[in-house]
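# Secondary and tertiary structure notes
Chain residues, written in single-letter form:
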Amino acid sequence: MTIPVEGSAKLFPVRRIYCVGRNYAAHAVEMGHDPSKEPPFFFQKNPDNIILAGADFPYPSKSSDVHFEAELVIALGKGGSNIPQAEALDHVFGYAVGLDMTRRDLQGEAKDLRRPWEVGKAFESSAPCGNIVPAAKIGHPTRGEIWLDVDGERRQTGDLNQLIWKTPEIIAYLSGLFILAPGDLIFSGTPSGVGAVERGQTMRLHVDGVGDLEVRVV
């Protein structure tokens, strides 16, 4: 899987997808958790779960409660293990807007049974992602609006400065658990307001300084 690089003919080859769970305090609270009492945790999606800008999101089977989660996506251009926070941003190639689509009913069942989340998170087309915008052009976003509309109605809104674990902290912590590499994507977490989406609806998400992504549910 490759993702276009904004403003060029280059493609960004995707290696792995890591997702940070409950990384906005208000979202952690709405999901029934205390954000002050837990270190960051991660789950994965598969590279072939990505759908690119302009593609539709097919409503998945075996679910009747599919949720949107708008996110800032971090794209790594360099890898390593045990990366110091002070050097973490040197490993970032760029950023994108993305969606962590979730079969919430199946994820809930997995949680109740203390089973892995893949059935709710790592299904086909569950990772819509916009073009990668190089950090060389926009820097490293630390503040700015992130929002999502469904059929023109604002459903999620937040600010990047509300991230509990910031980009350097995420990379440093994650690199202590895995050997990171060029081509890795990190979905950094979602603000509060996650909710269900239905066939025929259109999601539009935005991150200040990074861009927009529009996805139709079919």
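Below or above, wherever it landed, is the structure these notes cover.

## Digging into the pattern of salt bridges
- Scanning the entire structure with this criterion turns up eight salt bridges.
- Residue Arg216 pairs with Asp56 through a salt bridge whose shortest N-O separation is 2.9 Å. Of this pair, Arg216 sits in strand S17 (residues 211-216) while Asp56 sits in the loop between strand S5 (50-52) and strand S6 (66-68), and the two are 160 residues apart along the sequence.
- Among the ionic contacts, a cluster of salt bridges with common partners joins Lys45, Glu69, Asp100, Arg104 and Lys121.

## Describing the environment of Pro116
- Along the chain, Pro116 turns up in the loop between helix H3 (104-112) and helix H4 (118-121).
- With a relative accessible area of 58%, Pro116 lands in the exposed category.
- Separated by 36 residues in the primary sequence, Pro116 and Gly80 have C-alpha atoms spaced 26 Å apart.

## Considerations on H3
- Where H3 is concerned, the buried positions are Arg104, Leu106, Gln107 and Ala110. Summarising the axial view, the buried residues of H3 lie within an arc of 165 degrees, below the 170-degree limit, and thus occupy one face.
- Looking at the buried positions of H3, the neighbouring elements they touch are S6, strand S9 (102-103) and H4.
- Arg114 sits one or two positions beyond H3 and adopts a positive phi of about 55 degrees.

## Section: the sheet that holds strand S13 (residues 153-159)
- Spatially, four strands are ordered S13-S12-S16-S17 in an open sheet, and the strand pairing comes out antiparallel. Whereas interior strands pair on both sides, the edge strands pair on one side only; in this sheet they are S13 and S17. Within the sheet, the average angular offset between the axes of one strand and its neighbour, ignoring direction, is 10 degrees.
- With six bridges connecting them, strand S16 (residues 202-207) and S17 associate as antiparallel partners. What sits directly across from Val207, in S17, is Gly211.

## Brief notes about the sheet that holds strand S15 (residues 195-196)
- One open sheet holds the three strands; their spatial order is S9-S6-S15, and the pairing between them is antiparallel. The open sheet is flanked by S9 and S15, the only strands paired with a single partner.
- Pairing analysis gives two bridges linking S6 to S9, with the strands arranged antiparallel. Among the inter-strand pairings, Val66 is bridged to a residue of S9, identified as Arg103.

## Quick look at the pairing of S16
- Relative to S16, strand S12 (residues 145-150) runs antiparallel, the two being bridged by five bridges. From the neighbouring strand, Asp149 faces S16, where its bridge partner is Arg204.

## What about the packing of aromatic side chains?
- Under the counting rule described, the total for this entry stands at seven aromatic pairs.
- Judged by centre distance (5.5 Å) and plane angle (50 degrees), the rings of Phe43 and Trp117 are tilted. Here Phe43 is found in strand S4 (residues 42-45), whereas its partner Trp117 is found in the loop between H3 and H4, with 74 residues between them in sequence.
- Using a relative accessible area of 12% as the deciding quantity, one classes Phe43 as buried.
- In textbook terms, an aromatic cluster arises when at least three aromatic residues are bridged by ring pairs, as seen for Phe41, Phe43 and Trp117.
- It is Lys45 that lies over the ring of Phe123; its NZ or CZ is 5.9 Å from the centre.

Cut-offs used in this document
Residues numbered from 1 in each chain as written. Predicted model: local features only at pLDDT ≥ 70, side-chain atom pairs only at ≥ 80, totals over all residues. Heavy atoms only, no water. Salt bridge = Lys/Arg side-chain N within 4 Å of Asp/Glu carboxyl O. Helix = DSSP H or I, 4+ residues; strand = E, 2+ residues; numbered from the N terminus. Buried < 20%, exposed > 50% of the residue type's maximum accessible area, 1.4 Å probe, protein only. Arc of directions from axis to C-beta. Contact = heavy atoms within 4.5 Å. Pairing = 2+ DSSP bridges. Axes fitted to C-alpha atoms, helices over the stretch in contact; angles between N-to-C directions. Phe/Tyr/Trp six-rings, centres within 6.5 Å; stacked < 30°, edge-to-face > 60°. Lys NZ or Arg CZ within 6 Å of the ring centre and 35° of its normal.

None of the figures reported here should be taken as evidence of function without further support.
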